[in-house]
Amino acid sequence: MSDSSDLPVLLVDAGGTFNKRYDPIRGDLQVVPGHAAVDMIVASARENLDLVCVQPVCKDSLEMTDADREAIVAAIDAADPRWRAAPVIVIHGTDTMEQTAEVIAGRLADRLVVLTGAMRPFEIDAVEPALNLGLALGFVQGASRPGIFLAMSGLVRPLGELAKDREAGVFRPVRARGATPTAR
């Protein structure tokens, strides 16, 4: 049970690769509803977290629609009053994470929202999703201002300053809004 001094965090789990599991019948990876990966990742810190999870959408980000993005914003807006001022972490697929972040920024710019996800499913490689979620949780606990951020590949940056490098399979800082990821 969480102490009343714990920082509450609203976690919006929208699916993505983070939540994919192998389906042996179909022979492919499926985005699976529920919070199994989140529950396993936060299990060791559950006593110190005041975390509530909601899942308004559960799909691969390549299948996300404008209506799905609106459902994510609505879930944040409709949170119980106790969670309305809480920081928000959105677990999202990496391919269209920035598009969803833009929608959130247009509607909830006064909130602290961090989007995170994974390049590999938790079921296949637990390290990267755990790192990204842990990074997001740590960031929201120490953040002193509202804003929309991405937490991926060991970095947390404001929206527009971190982008997916599809060739390398990681997120990298960008020089300026609209610029390509910096080379290493």
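Note that the structure is a prediction, hence the values are computed from the model and not measured.

Colleague: For this particular structure, what's the right way to read helix α3 (residues 97–107)?
Modeller: Residues spaced three or four apart along an α-helix point in a common direction, a consequence of the helix completing one turn every 3.6 residues. Among the residues making up α3, those that are buried are M97, T100, A101 and I104. The buried residues of α3 occupy an angular sector of 105 degrees when projected down its axis, which confines them to one face.

Colleague: What's the story with unusual backbone geometry in this structure? I'm lost.
Modeller: In terms of backbone geometry, most residues other than glycine have negative phi values and most peptide bonds are trans. In this structure, S153 is a non-glycine residue whose phi angle is positive, near 55 degrees. Mapped onto the secondary structure, S153 falls in the loop between β7 (147–152) and β8 (155–158). Taking relative accessible area as the criterion, S153 reaches 29% and is therefore assigned partly exposed.

Colleague: Just to check I follow, could you spell out a nonpolar patch on the surface for this structure?
Modeller: On the surface, Y22, L29 and I124 cluster together into a nonpolar patch covering about 300 Å² of accessible area. Inspection of the secondary structure assignment puts L29 in strand β3 (residues 28–31). You can call L29 partly exposed: its relative accessible area is 34%.

Colleague: Just to check I follow, could you spell out the sheet that holds strand β1 (residues 8–13) for this structure?
Modeller: Strands in a sheet are paired, the pairing made by backbone hydrogen bonds, and the direction either parallel or antiparallel. If you trace the six strands from one edge of the open sheet to the other, you get β4-β1-β5-β6-β7-β8, paired in mixed fashion. Bordering the open sheet on either side are β4 (50–54) and β8, each of which pairs with just one other strand. Geometrically, the sheet is characterised by an average inter-axis angle of 25 degrees between neighbouring strands, direction not taken into account. With five bridges connecting them, strand β6 (residues 112–116) and β7 associate as parallel partners. Bridge pairing links L115 to L150 in β7. Packing against the sheet, α3 makes contact with β5 (88–91), β6 and β7, and its axis sits at approximately 160 degrees to β7.

Colleague: How should the pairing of β5 be read in this particular structure?
Modeller: A regular strand places its side chains on the two faces of the sheet in alternate fashion. Here β5 shows a buried face lined by V88 and V90 and a second buried face lined by I89 and I91. Note: β1 against β5, four bridges, orientation parallel. Residue D13 lies in a different strand from β5, and its bridge partner there is I91. Sheet topology note: the β5/β6 ladder contains four bridges and is parallel. Each bridged residue has a counterpart across the sheet, and for I91 the counterpart in β6 is T116. Since β5 and β6 lie parallel, the crossover through α3 that links them has a hand, and here it is right-handed.

What counts, and where the lines are drawn
Residues numbered from 1 in each chain as written. Predicted model: local features only at pLDDT ≥ 70, side-chain atom pairs only at ≥ 80, totals over all residues. Heavy atoms only, no water. Buried < 20%, exposed > 50% of the residue type's maximum accessible area, 1.4 Å probe, protein only. Helix = DSSP H or I, 4+ residues; strand = E, 2+ residues; numbered from the N terminus. Arc of directions from axis to C-beta. Patch = residues over 30% accessible without salt bridge, like charges linked within 9 Å, V, L, I, M, F, W, Y side chains within 5 Å. Areas by Shrake-Rupley, 256 points an atom, 1.4 Å probe, with all protein chains shown as cover. Salt bridge = Lys/Arg side-chain N within 4 Å of Asp/Glu carboxyl O. Pairing = 2+ DSSP bridges. Axes fitted to C-alpha atoms, helices over the stretch in contact; angles between N-to-C directions. Contact = heavy atoms within 4.5 Å. Right-handed = clockwise from strand over helix to strand, strands pointing away.

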